Amino acid sequence: MNRYIVKGLVWLLLAVPGMLMLWSFADGDTLAMDMLHPSGEMSIRLMILAMLPGPLGDFFGLNRFFRAWLAIRRNLGVAAFGYALLHLVFYVLDMSNVAAMLEEIGLPGIWTGWLALALMIPPAAISFNRAMRMLGQNWKNVQRLVYLALIIGLIHWILLNWTWQPALVHLAPLMIAWILRIIGRSRRNRRQRSMA
Ligand code: HEM
């Protein structure tokens, strides 16, 4: 299939949950407050999905599946930023008053959200091909801010939920993937040393 059609379908698929959230809110079925959970959780899930193919492909080998997953990694990251913005829109609609937002900005559960969002801005802003070519190695360094954004986003979740289990369940696949990458690399190093 033409790669533009594939990319278009990927974007459509990534937009569907957001459209359903907006639909349900516009219908009056749900309050903006009730949309904070799905939009925030979707942002975290997409960030994790964008981070998984690197270490997993490293361990299992770059077969067709991981190559295809890697090819849509940037789409997943940009969509994660989109859902974080949607989350902010629902927050603003819920608060409906700038003074009230400013009043609670000092709370750890709130400023961590703002910080996570701020950290997502530079990687999202340079996610297009031309920026990638122009920035070279620096492009990768800026993209690494996403890891910090994820950690702070998870802390934000823990602080608001008063429980660490959901955040940890989301982090677990990434931890496993990183452990597999380390195991794979040390196995490769040992093999190379024994052949030398
Ligand atoms: C723009 C700044 C942000 C603000 C002001 C903010 C604020 C909030 C608020 C008020 C809630 C609802 C807490 C409740 O249920 O009472 C929430 C939930 C949540 N936020 Fe944020 N947030 C921000 C950014 C983010 C970002 C960037 C992420 C993801 C990376 C995120 C992830 C989450 C998650 C996963 C929840 C669900 C917690 C639950 O289980 O209810 N937030 N946020």
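Quick note: structure is the one above.
Being a predicted model, the structure only gives us computed values, none of them experimental.

Parameters at a glance
- Residues numbered from 1 in each chain as written.
- Predicted model: local features only at pLDDT ≥ 70, side-chain atom pairs only at ≥ 80, totals over all residues.
- Heavy atoms only, no water.
- Donors = N, O, S within 2.8 Å, 3.2 Å for Na, K, Ca; no water.
- Tetrahedral: all angles 85-135°; square planar, octahedral: opposite > 155°, others 65-115°.
- Helix = DSSP H or I, 4+ residues; strand = E, 2+ residues; numbered from the N terminus.
- Buried < 20%, exposed > 50% of the residue type's maximum accessible area, 1.4 Å probe, protein only.
- Near = heavy atom within 4 Å.
- Polar contact = N/O pair within 3.5 Å; in protein donor to acceptor, adjacent residues only side chain to side chain.
- Nonpolar A, V, L, I, M, F, W, Y, C, P; charged D, E, K, R; others polar.

Trainee: Tell me what's going on with the coordination of the iron atom of the ligand, and back it up with residues and numbers.
Mentor: With distances of 2.0 Å, the protein atoms coordinating the iron atom of the ligand are His-87 (NE2) and His-156 (NE2). For the iron atom of the ligand, the 6 donor atoms in the first shell make angles of 87 to 179° at the metal, a pattern classed as octahedral. Residue His-87 is found in helix α5 (residues 73–95), and its partner His-156 is found in helix α10 (residues 145–161); the two are separated by 69 residues along the sequence. Look at His-156 and you get buried, because its relative accessible area is 15%.

Trainee: Go over the site of the ligand with me, naming the residues and quoting the values.
Mentor: Taken together, 20 residues surround the ligand, and among them His-37, His-87, His-156, Trp-157 and Asn-161 come closest. One of the side-chain N or O atoms of His-87 is found 2.8 Å from a nitrogen atom in the ligand. In the model, an oxygen atom of the ligand is placed 3.1 Å from a nitrogen or oxygen of the Asn-161 side chain. Mapped onto the shell around the ligand, the elements with two or more residues apiece are α2 (36–51), α5, α7 (108–125) and α10. Considering every element that reaches the shell around the ligand, the biggest residue donor is α2, with 7 residues. Here the residues of the shell around the ligand sort into 12 nonpolar, 7 polar and 1 charged.

Just distances and angles here, no functional claims.
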